[in-house]
Every structure is written in structure tokens, then in C-alpha cells.
Amino acid sequence: MESNVDKRMGTTYGPPAGKKLLIFIDDVNLPSYNDWGDQVTNELLRQLIEMGGFYSLDKPGDFSNIVDVHYLAAMIQPGGGRNDIPQRLKRHFVIYNCTLPTNDAIDRIFSIIANGHYSEARQFPENVCELAKKLVPVTRVLWHTTKVKMLPTPAKFHYIFNLRDLSRIWLGMIGTIPTVINNEPIMMHLWRHECTRILADRFISDADKEWFDVELINTVYNELGNDFADIIREPRYFVDFMRDAPEPTGEEVEDTDMELPKIYEPIETFKALEERLKYFLEQYNEIIRGSDMDLVFFPDAIIHLIKISRVIRNPGGNLMLVGVGGSGKQSLTKLATFIAGYKTFQVTMTRSYNVGNFLEDLKVLYRTCGIQGKGTTFLFTDQDIKEESFLEYVNNILASGLVSNLFTRDEQGEIITELIPIMKRECSKIPPTPENVMQFFIDRVRKQLKVILCFSPVGSTLRVRGRKFPALVNCTCIDWFHEWPTEALISVATRFLNTLEVVPGGIKMSVAQFMAYVHASVNEISKAYLLNDRRHNYTTPKSYLELINLYVKVLSAKHEEVKSKMGRLENGLEKLRDTAAQVNELKAQLATQEVELTKKNDEADKLIEIVGVETEKVSKEKIIADEEEKKVNKINIEVSAKQKDCEADLKKAEPALEAAQQALNTLNKANLTELKSFGSPPPAVINVLSAVIVLMAVNGRVSKDRTWMKAKSMMAKVDAFLESLINYDKENIHPNIISALEP
């Protein structure tokens, strides 16, 4: 309210002078009840209507008066889990019960749409135009039959059919050109394709889908005849990305569009479509940095991609993909977005991510779509719902494209400034007032932004969210991902096994079939487990992929292990062969060396005789050597005793030496200069200096002059004297000096 009114005077607010403001409140019954049975939001609304204002949040106690405002609200009929609004609020409104239009009114509405597009003025054949007129009531009959038969239940909460479904069907029907829809069979296939996409893709069971297929054929048979019913017994699929961009000729102007032509046409074969998708996948992995998407295009995956691509191509298209983890929802969405030439936008979750961060991301998203005009797919998964309040904003985006208070007044001014030139160029007849520019901004956002929700059906969370936030179901096309069929399981397994060289080609298909059988059998046992014990055991496509990866990992490890053992065995056999060859060579050498050995033995006998004679001489010499050894041992004992005495004396002298060294380190130039200045120093000083004179003797020539005058001349150069003391070679003192120093 505060963002949509201007201040007039004092605490009075309202629209610009001379204007009235109409406030439309959609889903007024949506707020939940608190513990006391009140809808807090609606109590504030009642206060606003009754008292003509509300209390300020910025200045508590101040009352803001709202004038020149009218209120219009809308709500669905209460009941079936839907809230009512308080009687005290209801009494302020004039109440109208808006019933569905009559069949004639519905047919008239959509006949105008169909005839406006399928007309001879647009070069459509006459028989196609006539068939389009007939398909309007047929579509309504099929929609009404489905609505009556497929009623919502707790498990099928999204089986809600309204006029939006008819609008979506005809939105897809009019996105064609006459060169493609040029005969009745193609027109009928297109009609079946669109009806199935809107009405049947949400069904959660094969039985429901089979009922719809039968009912569709019966409806066509009853309304149009057997010939048309026979045409659509086999479904065909329509896409808009099968054609290549035109080749440049060099004569194009600068702004010529060289993108892929978006021609909505039926596919010829699934094989051709698969090759086309592989081409787009290679481009995606090359262009999108850091992407290494690896998809297996089995029929079910291709069909789901067709459904996603169809929604992205339609203006205002939003989609909810419902499937268990690993179904490929996000991967298929990213590829379909890339094929459509759009950008994918996802929020980046962190531990501290909150509503404020989410709103900032929405601002970036809105600016990208509304100002830059870039087509963007907002991919939002149930893993991104850190707070349930996120879904309130997503619900508003889906319902109206408008998020209240998303932009401040200053930010709105910036947007208006940037968009005015664009609006003048694209909508020159509309005056660029601030209100018109902001509406132009919202319209551009709704046109360029595609919201694709990826949710899991496990548990009751999705059902509760669908009841709390109705736009999640009402304003989106729903594509329910079923269990992968056996063909899909085999295709995926074969895709991974083909990369393994260790599996022989003849058994790869058998292994793939067995993997599919294991997965399918677990699914069957899980259903029996649920019936018997009322407990779920979920097996998802992700589980199947993990099974394949585990098989590949274990098989590769075992293959490497066997390969290593085979290598060791080969090495052992090679060593044995080398050893046998070496043994044969040694035998030949041994035979040759036996002759030489006999000769050597004879020579050794003669040498032994000579050694015997020499041994007697050695014995005599040994006796003499033993006597000399005794003398040497005696000398060693004496030397060891003297060494111990020296070491003891050294230990006694080391403390004095260390003390002298420390005392020497305390001397500096100032001390020595002060010492030189003494006229008659104490005897102790003269005694120390006499010892220094002796130590400074060169080559052991000790001077007999050890007087104070001799000491002063020695200290004449203080720096040199101090340096000589510090660097004195105390390890090599001349014996004469030592003798002179002894007391």
C-alpha cells in the first residue's frame, strides 16, 4: 500500500490529486489462520477499509490515512481445504458469484481466436479453416469430460482443470504457419498434441493416460466422424528447432536475424530428432563453460524435452516438472533452454542464504528480462526452497508477474529512465508516463521470463504447497515424470556399457537387460512392501545410475586386478625362460671350467708346499711382533692416563675461560679510553695489563718491560687493541708465553 500511494498532506496519503486508486486483492482467502483462528493479513485489510488507514511501521503510534481508494478482491469458493474470509471483512464488499461461462460463450470466445488465425487471409487452406471451427466445440467437450471424470484427490491434488487450460491449448494451436499446417491430418495431429500436453501430461498413472487417449479418440469419433478419429490414433510430436539457420550470403543488413527459424512443425522420425538433439548437446557442452552434460536420448527423455521446449516457446509459458531425483528434470530444462536461445538462471544456495538474498536475485532476474530484454529460464527446484516464504514470491511471479515492493522508488526511477527510449521505439502510441513504463516493464518480464519448477512428489510436501500457493498449479503446465520404461533402462545401461572395452560386445546387451530387470524387480518388490508394511522404499533413476556406476567401477577395478596378476604371471614365466637359458649357458661354461679346475688344483698343491715353508718364517716374525705389541700397549696406557689428566685440567679451566670471554665481550672503546687516562692505576690493573703484554708477545718473544707506560703504548690504538683481544688465537699459545704466565 505504501509503495502505491503518495503523500498529500500531514499523515494523509492517496493517489495523485484528481485520480482514484483501485486496489485489486487476488486470492484474498489465501492467508492461513493463526493459533487464535484469525487471518492477520485480512484483519489489517479490514482495518484499512473500516478506519481508512493503518498505523505507521516507521513511526509507531502515528496513523496513516488513506483516501480516494477503492478495493476489489477475488477468491475461490471456500471448502475442500480452502479458507474462507471473516464475516467482518466480507460485509464490506458487494459479493458476486462468478460462474463459468456457458458453452456457447466459451465456443464464441475461442472461435474468434481460432478463426482469427486460421483464415484464408493468412493463406491457410479452406478445409483447414473449416476444421479449426469444428475443433473449438470438440476441444471444449474433451476438456469438460476430463474435468468431470478426473477429479482431484489427495494423491491427485493437481487434477484441477479451468479455462486457462483451453487458453493454453489454443495458444499452442495458433503458433503455426500455413506452409506447415496445410492439410487436415496435420491439423488433427497438432490438435491432439496440444490437448495431450495440456490435459494429460499431469496424469500420475498410466491408467489415467490410457483413459484420456481412449476418450480423446471417442470424442473425435462422436463429433467429427471415424475418418478423423483414425487419423490421430497414433500420436505425433511438434517442435520448433528442426530447421537450420539460413546460410549468410554477404548481402544481409547489419541487424539481420541469423538465428534458428522457430517453425512449429511435426517431427518426421525420432531418429532424426535424436540426431538433432545430439548436435545441440555437443554445442551446449562447447559453449557453456564448465559444462559436461552427458544425456541418453531414449524416447521418454526426448518426449519430456519436447514438452519443456513447447512451454518455453509460448509467451508467458511456465512449467512444473514433477519427478523423483535423477529423472533428468534439470538437465533437460537446461538443454531445452539452450535450444530456445534463452539463458538459464538459478539461485546459488549458501548457508546464510535468506529472503533478502532471494529478492536481490529476483531483482537481477527482472532487470535481465525487463530492461535487457533477454529471454531467461528461472529454474527453481525444491532444494532451493530454504524458506517457505520463497514460494510466496514465486506464486506472485506466476500469477501476475509482479512482486510487491521488489524495487524501491529510486530503483523504479532508474528502470523508468532506462526503459523510456525502448518504450518509445516499441510502443510509440502509448505515452511514457511512470505508470505506463512500469507496466511495460512488467509485460516485458512476463514475456521473456519462463519459470520452470522442478519438484519431487515424494511425501506430502508438494500437495501442501500446492494448496497454500495455488498459482503453482493453476498458472503452470504440469509434466509428471513417470518411472523409466524398460526400453529407457536398457538404453541408459547400453550407453554406459558401450564405453567399457572390458565387456565383450556379445554380452553387453544381456548385461544391460539384466540391469533393467534388477531395477524393475526392485520396483515391484517395493510396491508389495508398501502394501504389506505401509513403508516406502524409493527407487529412482538416480539409484539406477548409481547401480550402473557401481558396476562399472567394480568391473574396472577387477579388470585391473586380473590384468595386474596376468602381468605378474607373464613376468614370472619370462623370468623362468630366461633362467633356463642361463642354466644351459652355465652348464656349458662348467664343462669348460672343469678342465681348468683340475689344472688349478695341481698348481694349488705345489703352492701349499711353498706356503708351508713360508709359514715357519711367519711364525718367528709373529713372536717378535707380539713383543713389540706389548710395548706399544704399555705406551698407550700411559698416554691415556695423561689424556685424562689433561681433560680434568681442561674442565677446571673452562669456567674461567668462559668468564674471561664474557668479561672481554663487555669491554668497549669507551672503557679502554677511560683506562688509558689513568695516571697511576691500581696494582691489580697493572698486574692484568702485564699479563696482556705477555700474551701479545709475537712468536713467543716475551718482553721484560711490563710497566704501565708499556701498557699505555700497547693501547695507543684502542680499536686495533680491542680487535686483537677479541680475535686472540687462544688455541695456539706459544709455550714461552705459557711459561711466563705461570705464577
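Residue positions within a chain follow its written sequence, with the count starting from 1. For this predicted model, a pLDDT threshold of at least 70 governs which residues receive local features, and a threshold of 80 or more governs which side-chain atom pairs are given and counted, while totals over whole chains, interfaces and linings are taken from all residues. The basis for the side-chain values is all heavy atoms of the structure; hydrogens and waters are excluded.

A run of DSSP states H or I qualifies as a helix once it reaches four residues; a run of E qualifies as a strand once it reaches two. Both are numbered from the N-terminal end. In terms of regular secondary structure, the protein chain is built from 25 helices and 13 strands. Against the 2.2 N^0.38 benchmark of 27 Å for 743 residues, the protein chain shows a C-alpha radius of gyration of 50 Å, more extended than a compact globule. Its C-alpha atoms put the protein chain at 140 × 100 × 70 Å along the principal axes. For each residue, the accessible area found with a 1.4 Å probe, counting protein chains only, is set against the maximum for its type, and the residue is called buried under 20%, exposed over 50%, and partly exposed in between. When the 743 residues of the protein chain are sorted by exposure, 35% land in the buried category. Contacts are assigned to residue pairs with any non-hydrogen atoms lying within 4.5 Å of each other. Taking all contacts inside the protein chain whose residues are at least 6 apart in sequence as the whole, residues at least 24 apart take part in 72%. The method behind every accessible area is Shrake-Rupley, applied with a 1.4 Å probe, and residues are considered shielded solely by the protein chains displayed. For the protein chain, the exposed surface amounts to about 45,100 Å²; the carbon and sulfur share of it is 55%. We score Asp and Glu as negative and Lys and Arg as positive, and we do not count His or the chain ends. Where a charge lies is defined by one atom per residue type: Lys uses NZ, Arg uses CZ, Asp uses CG and Glu uses CD. Across the protein chain, the centroid of the 91 positively charged side chains sits 4 Å from that of the 101 negatively charged ones. Here the globule rule reads 2.2 Å times residues to the power 0.38, and the radius of gyration is calculated from C-alpha atoms.

This part takes up the packing of helix 3 (residues 103-117) against helix 5 (residues 163-173). Simply put, an axis is a line fit to the C-alpha atoms, just over the touching stretch for a helix, and the angle between two N-to-C directions goes from 0 to 180 degrees. Relative to each other, helix 3 and helix 5 sit at 15 degrees, their axes nearing to 10 Å. With respect to their mutual orientation, helix 3 and helix 5 come out roughly parallel. For the crossing formed where helix 3 meets helix 5, the hand is right-handed. Residue-level inspection shows Ile106, Phe110, Ala114 and His117 of helix 3 in contact with helix 5, the latter providing Leu163, Leu166, Ser167, Trp170 and Met173. Here the contact of helix 3 with helix 5 is built from residues that sort into seven nonpolar, two polar and no charged. To sort the angles, those under 35 degrees are grouped as roughly parallel, those over 145 as roughly antiparallel, those from 65 to 115 as roughly perpendicular, and the leftovers as oblique. It is the rotation of the near helix from the far one that decides the hand of a crossing: anticlockwise by less than a right angle makes it left-handed, clockwise makes it right-handed. Each residue gets one label: Ala, Val, Leu, Ile, Met, Phe, Trp, Tyr, Cys and Pro are nonpolar, Asp, Glu, Lys and Arg are charged, and the others, such as Gly, are polar.

The salt bridge criterion pairs a side-chain nitrogen of Lys or Arg with a carboxyl oxygen of Asp or Glu, the two atoms within 4 Å. Throughout the structure, instances matching the rule amount to 35 salt bridges. Of the charged contacts in the structure, one is a salt bridge between glutamate 50 and arginine 91, with a shortest N-O distance of 2.7 Å. Placement of the pair is glutamate 50 in helix 1 (residues 40-51) and arginine 91 in the loop between helix 2 (87-90) and helix 3, with a sequence separation of 41 residues. Between arginine 243 and glutamate 265 there is a salt bridge, with the nearest N and O atoms lying 3.0 Å from each other.

Moving on: the sheet that holds strand 4 (residues 53-55). Pairing in this open sheet of four strands is mixed, and the strands run 1-2-5-4 from one edge to the other. Looking at strand neighbours, the two that pair on one side only are strand 1 (6-9) and strand 4, the edges of this open sheet. Neighbour to neighbour, the strand axes of the sheet diverge by 35 degrees on average, direction disregarded. One requirement defines pairing of two strands: DSSP has to find at least two bridges between them. As paired strands, strand 1 and strand 2 (residues 12-14) are joined by three bridges and run antiparallel to one another. Looking at strand 2, one finds that methionine 9 is bridged to threonine 12.

Let us look at the nonpolar core. By nonpolar core is meant a set of buried Ala, Val, Leu, Ile, Met, Phe, Trp, Tyr and Cys residues that side-chain atoms within 4.5 Å join together. Counting 77 residues, the largest nonpolar core has Tyr118, Leu135, Met173, Ile181, Met187, Met188 and Trp191 as its most contacted members. Setting aside anything within four residues of it in sequence, one finds tyrosine 118 in contact with Phe124, Val128, Cys129, Ala132, Met173, Ile174, Thr176, Ile181, Met187 and Leu190. Of all hydrophobic cores here, the second largest spans 48 residues; its members include Phe390, Leu462, Ala471 and Leu472.

Where burial is concerned, most of strand 12 (residues 449-455) is hidden: seven out of the seven residues are buried. Pairing analysis gives four bridges linking strand 9 (residues 319-322) to strand 12, with the strands arranged parallel. Looking across to strand 12, one finds that leucine 321 is bridged to cysteine 454.

Residue position: phenylalanine 157 is located in the loop between helix 4 (126-149) and helix 5. Sequence spacing of phenylalanine 157 and lysine 19 is 138 residues, and the spatial spacing of their C-alpha atoms is 43 Å.

On to the packing of aromatic side chains, then. What counts as a ring pair is set by centres within 6.5 Å for rings of Phe, Tyr and Trp (its six-membered ring), and what kind of pair is set by the plane angle: stacked under 30 degrees, edge-to-face over 60, tilted for all other angles. Overall, the coordinates contain 19 aromatic pairs when judged by the stated rule. Aromatic pair tyrosine 55 and phenylalanine 63: ring centres 5.0 Å apart, planes at 80 degrees, arrangement edge-to-face. Seen from their ring centres, tyrosine 237 and phenylalanine 270 are 5.8 Å apart, and the 75 degrees between their planes marks the pair as edge-to-face. Placement of tyrosine 237 in the loop between helix 8 (226-231) and strand 7 (238-239) and of phenylalanine 270 in helix 9 (residues 270-287) is noted, with a sequence separation of 33 residues between them. Put simply, the rings of Phe345, Tyr353, Phe358, Phe378, Phe380, Phe390 and Tyr393 pair up and form one aromatic cluster. The ring of tyrosine 264 is capped by arginine 313, whose NZ or CZ atom sits 4.1 Å from the centre of that ring. Only when the NZ of Lys or the CZ of Arg is both within 6 Å of the ring centre and within 35 degrees of the ring normal is a charge said to sit over the ring.

A few words on unusual backbone geometry. Unlike most non-glycine residues, aspartate 68 shows phi in positive territory, near 60 degrees. Inspection of the secondary structure assignment puts aspartate 68 in the loop between strand 5 (63-66) and strand 6 (69-73). By relative accessible area, aspartate 68 is classed as partly exposed at 27%. Its identity is not glycine, yet glutamine 123 carries a phi of approximately 75 degrees, on the positive side. Within the fold, glutamine 123 resides in the loop between helix 3 and helix 4.

Here the focus is the environment of serine 119. When you line up the elements, serine 119 lands in the loop between helix 3 and helix 4. Ignoring any residue separated from it by four or fewer positions in sequence, one finds serine 119 in contact with Phe124 and Cys129.

Moving on, we come to the side chain of glutamate 194. Structurally, glutamate 194 can be placed in helix 6 (residues 184-200). Apart from the residues within four sequence positions on either side, glutamate 194 is in contact with Ile169, Gly172, Met173, Tyr264 and Arg310.

A separate point is the sheet that holds strand 12. Note on sheets: strands pair through backbone hydrogen bonds, and any given pair is parallel or antiparallel. Spatially, 10-11-12-9-13 is the arrangement adopted by the five strands of the open sheet, whose pairing is parallel. Two strands lie at the open edges of the sheet, namely strand 10 (343-345) and strand 13 (477-480), each paired on one side alone. Geometrically, the sheet is characterised by an average inter-axis angle of 20 degrees between neighbouring strands, direction not taken into account. Sheet topology places strand 9 next to strand 13; four bridges connect them, and they run parallel. When the sheet's bridge partners are listed, leucine 321 is paired in strand 13 with aspartate 479. Across the sheet, helix 10 (residues 299-313) touches strand 9, strand 11 (376-381), strand 12 and strand 13, and the angle it forms with strand 13 is around 170 degrees.

Expected span of a helix: the number of residues minus one, times 1.5 Å. Across its 15 residues, helix 15 (residues 434-448) extends 21 Å between first and last C-alpha, which sits within 8% of the 21 Å expected from 1.5 Å per residue. Along helix 15, the positions that sit buried rather than exposed are Val437, Met438, Phe440, Phe441, Ile442, Arg444, Val445 and Gln448. On its buried face, helix 15 sits against helix 12 (355-370), strand 11, helix 14 (409-426) and strand 12.

Note on strand geometry: in a regular strand, side chains alternate between the two faces of the sheet. Buried residues dominate strand 11, accounting for six of its six residues. Neither face of strand 11 is exposed, since Thr376, Phe378 and Phe380 on one face and Thr377, Leu379 and Thr381 on the opposite face are all buried. Bridging between strand 10 and strand 11 involves three bridges; their strand directions are parallel. Note on strand 11: the bridge partner recorded for threonine 344 is threonine 377. For strand 11 and strand 12, the ladder comprises six bridges, and the chain directions are parallel. When the bridges of strand 12 are listed, threonine 377 appears paired with lysine 450.

The values are spatial; any link to function lies outside them.
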